[in-house]
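Coordinate analysis (summary)
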Amino acid sequence: MAELMPTESNEKKGHLYLVSTPIGNWDDITLRGLKVLRNCDKVICEEKKIGGRLLKQYSINKDIDLLNEQNEEEKTEELIFELTEGKHLALISDAGTPVFADPGFQLVKAALRKGIDITVIPGPSSIMAAIVRSGFDINQFLYAGFLSRSKAERAEQLKALSFEKRTVVIFETPYRLLPFLETAKDILPYRNAYIGCNLTLPYETHHYGTFLELYKKFKEKRFKGEFVIVFEGLPRDTIFEENFKPYGSDDPKPKKNLNQKKFFKKRTNFKKTRQRL
């Protein structure tokens, strides 16, 4: 495989490949991704069981090493040593794009410092699948990641996002959909939203409505699986009255084109939670 052959000037250096993997549908693996996985020296994954299942699915027999939040610092040093010795390593995540809300960030930074070549093999993306399916404005959008597990902190984060004029994308864990919607219907009851469930799978489903409507829907019919939440931003020509709050009021809809004082946007720091994409 030409892509994995070292050049004369880089003969002793290895290569780090960041290989995207399917987010649910095995058919979504790319030909380039398969080529790299078949020809690399070792596959680095977060969980041996999941990584092994993926390789078995494509009849690939490779050594597997683990990189996760428990061993990331120590393992990064070991992997960098292997790369400097000329090894070609392929980093994958449990699903989707490695490093993105998954272990591997320290490895990438260390590889850059050492001058090791890094190649990203793009592939399936739940963010792209959800946002283009949502029908909302995608000229600009904000990825807000995973919100806090704490109900109070999650409420503060959603209050800050309620002022956002760009379309917002949020991830959550399978068991926290209803808690999220419960908070969202209190903060943004009438904001239009989309929830894509089990994206790329034959039984994927798509749900539209306000957060209040979606909360009622999922409260009656419980769901457990992978999902992505997308909601509309405020209209870009919105100007707020002083002390206006777009959440928790009798009139949650912002007034437009009012020549009033600018409001102060309260910022909250989103805690990064590592989850699969």
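Definitions and cut-offs
Residues numbered from 1 in each chain as written. Predicted model: local features only at pLDDT ≥ 70, side-chain atom pairs only at ≥ 80, totals over all residues. Heavy atoms only, no water. Buried < 20%, exposed > 50% of the residue type's maximum accessible area, 1.4 Å probe, protein only. Helix = DSSP H or I, 4+ residues; strand = E, 2+ residues; numbered from the N terminus. Pairing = 2+ DSSP bridges. Axes fitted to C-alpha atoms, helices over the stretch in contact; angles between N-to-C directions. Parallel < 35°, antiparallel > 145°, perpendicular 65-115°, else oblique. Left-handed = near helix turned anticlockwise from the far one by under 90°. Contact = heavy atoms within 4.5 Å. Nonpolar A, V, L, I, M, F, W, Y, C, P; charged D, E, K, R; others polar. Salt bridge = Lys/Arg side-chain N within 4 Å of Asp/Glu carboxyl O.

1. Description of the pairing of strand β1 (residues 15-19)
The buried fraction of β1 amounts to five of the five residues, a majority that puts the element mostly inside the structure. The side-chain alternation of β1 yields two buried faces, one formed by His-15, Tyr-17 and Val-19 and the other by Leu-16 and Leu-18. The sheet contact formed by β1 and strand β4 (residues 88-91) spans four bridges and is parallel. When the sheet's bridge partners are listed, His-15 is paired in β4 with His-88. Pairing of β1 with strand β5 (residues 117-121), which is carried by five bridges, proceeds in the parallel orientation. Looking at β5, one finds that Leu-18 is bridged to Val-120.

2. Re the packing of helix α3 (residues 72-84) against helix α4 (residues 105-113)
Running from N to C, α3 and α4 cross one another at 40 degrees; their axes reach a closest spacing of 9 Å. Taken together, the axes of α3 and α4 are oblique relative to one another. Crossing angle aside, the handedness with which α3 passes α4 is right-handed. Contact residues: Glu-72, Glu-73, Thr-76, Leu-79, Ile-80 and Leu-83 in α3; Phe-105, Gln-106, Leu-107, Ala-110 and Ala-111 in α4. Split by residue class, the contact of α3 with α4 holds seven nonpolar, two polar and two charged.

3. Examining the pattern of salt bridges
What the rule picks out here adds up to eight salt bridges. Here Lys-42 and Asp-65 are joined by a salt bridge, their closest N and O atoms 3.4 Å apart. Highlighted residues: Lys-42 in strand β2 (residues 42-45) and Asp-65 in strand β3 (residues 64-66), separated in sequence by 23 residues. For Asp-65, a relative accessible area of 14% puts it in the buried group. Glu-156 is the partner of Lys-159 in a salt bridge, and the nearest nitrogen-oxygen pair spans 3.4 Å. Of this pair, Lys-159 and Glu-156 both sit in helix α6 (residues 151-161), three residues apart, which is roughly one turn of that helix. Salt bridges sharing common partners tie together Lys-42, Asp-65, Lys-75, Glu-78 and Glu-82.

Just distances and angles here, no functional claims.
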